[in-house]
Amino acid sequence: MRRLLPAALVLVAVSAAVAQSTPSTQPAAIPPGEEGAKARLNSSPRHGEFIDITVPGRDKPVKAYIVYPERADKAPVVIVTMEIFGLSDWLRGVTDQLAADGFIAIAPDYLTGKGPNGGGTEAFPDRDSVVRAVQGVSTADVIAINNAARDYGMKLPAASGKTASIGFCWGGGKSFAYAAAQPDLNAAVVYYGTPPADPEIAKIKCPVLAFYGAKDNRVTSTEAPTAEKMKNLGKSFTPHIYDGAGHGFLRAQGDPANLKASEEAWPLTIQFLRENTK
């Protein structure tokens, strides 16, 4: 014989079920794809804001987007380097996800001051003009800005003193280059980015985790020789190549193979960052 629940208990049970099924009440397991980035930002419970970072040698500060995790203890800082598409909503969505996973995440806009009327990414009229502008940003500029962002982050009262970098596409290569340039970096993550030149690879001290799409031969063809060089130099390098995935798979999750790659790569990313920034 089925026992009926009191009406009050039924209401509580239904309310709990609804709360559990509402996407905005729980942090997503992976960053949003490009199409879902704006909605993620609008529904995030975390504190995100634009800040100005002073960079030695520059007349004006560099704009950056920072998101804080919701945790009681101090957190590591992760510098997030954008794709060739600039400081987009998608990149800010990734920054928010890193905060959801427990990190203070800082994404500089390397186009600060390079746009129309002295603006940054937001000032360019279209994506093509952003791409052209990003192609003109030097590795030296990225390293200088990342160092300033790292210094800014480490001075925050909420920061633990551990730092890492992560980058995507154009930014993946820059994250790799930053690992070679910053000897005190604790970890570096490279999403479908090319390696630095051999003399720079020899300078890397932190462990590097890298992800590639099998259909992205332009970049993925660099994985095997890079792995061999890192091994011969005694460096920690862990690559992953995903069948069927293309370039930019974390952003282009509408493709099933890209989504599968994203669902596998992101947990590995967070595990790696946590292990190396304890």
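The coordinates are above.
What counts, and at which threshold
Residues numbered from 1 in each chain as written. Predicted model: local features only at pLDDT ≥ 70, side-chain atom pairs only at ≥ 80, totals over all residues. Heavy atoms only, no water. Helix = DSSP H or I, 4+ residues; strand = E, 2+ residues; numbered from the N terminus. Buried < 20%, exposed > 50% of the residue type's maximum accessible area, 1.4 Å probe, protein only. Contact = heavy atoms within 4.5 Å. Areas by Shrake-Rupley, 256 points an atom, 1.4 Å probe, with all protein chains shown as cover. Axes fitted to C-alpha atoms, helices over the stretch in contact; angles between N-to-C directions. Parallel < 35°, antiparallel > 145°, perpendicular 65-115°, else oblique. Left-handed = near helix turned anticlockwise from the far one by under 90°. Nonpolar A, V, L, I, M, F, W, Y, C, P; charged D, E, K, R; others polar. Phe/Tyr/Trp six-rings, centres within 6.5 Å; stacked < 30°, edge-to-face > 60°. Core = buried A, V, L, I, M, F, W, Y, C linked by side-chain atoms within 4.5 Å.

(A) A look at the overall build of the protein chain. Regarding its fold elements, the protein chain presents 10 helices and eight strands. Scored against the burial criterion, the 278 residues of the protein chain give a buried share of 50%. At a minimum sequence separation of 6, the contacts of the protein chain that also span at least 24 residues come to 67%. Total accessible area on the protein chain is roughly 13,100 Å²; 53% of this is exposed by carbon and sulfur atoms.

(B) View of the packing of helix α5 (residues 139-154) against helix α6 (residues 170-181). α6 packs onto α5 with a crossing angle of 70° between their chain directions and a minimal axis gap of 10 Å. Between α5 and α6, the angle falls in the class roughly perpendicular. The chirality of how α5 crosses α6 is right-handed. From α5, T139, V142, I143, N146, N147 and R150 reach across to α6, where they touch W170, K174, A177, Y178 and A181. A class-by-class count of the residues in the contact of α5 with α6 yields six nonpolar, three polar and two charged.

(C) Quick peek at the packing of aromatic side chains. In total, this model carries 12 aromatic pairs according to the counting rule given. Look at Y191 and Y192: their rings are 5.7 Å apart centre to centre, the planes differ by 75°, and that puts the pair in the edge-to-face class. The exposure class assigned to Y192 is buried, which follows from its relative accessible area of 1%. The interplanar angle of 55° and the centroid separation of 6.0 Å between the aromatic rings of Y191 and F249 together place this pair among those described as tilted. Here the residue Y191 occupies a position in strand β6 (residues 187-191), and F249 occupies one in the loop between β8 (237-242) and α10 (256-276), the gap between them amounting to 58 residues. Like Y191, the residue F249 is buried in the burial classification. Taken together, the ring pairs connect W90, F168, Y191, Y192, F211, Y242, F249 and W266 into an aromatic cluster.

(D) Layout of the nonpolar core. Ranked by size, the top nonpolar core spans 64 residues in total, and within it L98, F168, Y191 and F249 carry the most contacts. Examining the composition of this core, we find that six residues originate from one element, α10, more than from any other. Dropping the residues within four chain positions of it, L98 is found in contact with V78, V80, F103, A105, I166, W266, I270 and L273. Of all hydrophobic cores here, the second largest spans 17 residues; its members include I143, F176, A180 and F237.

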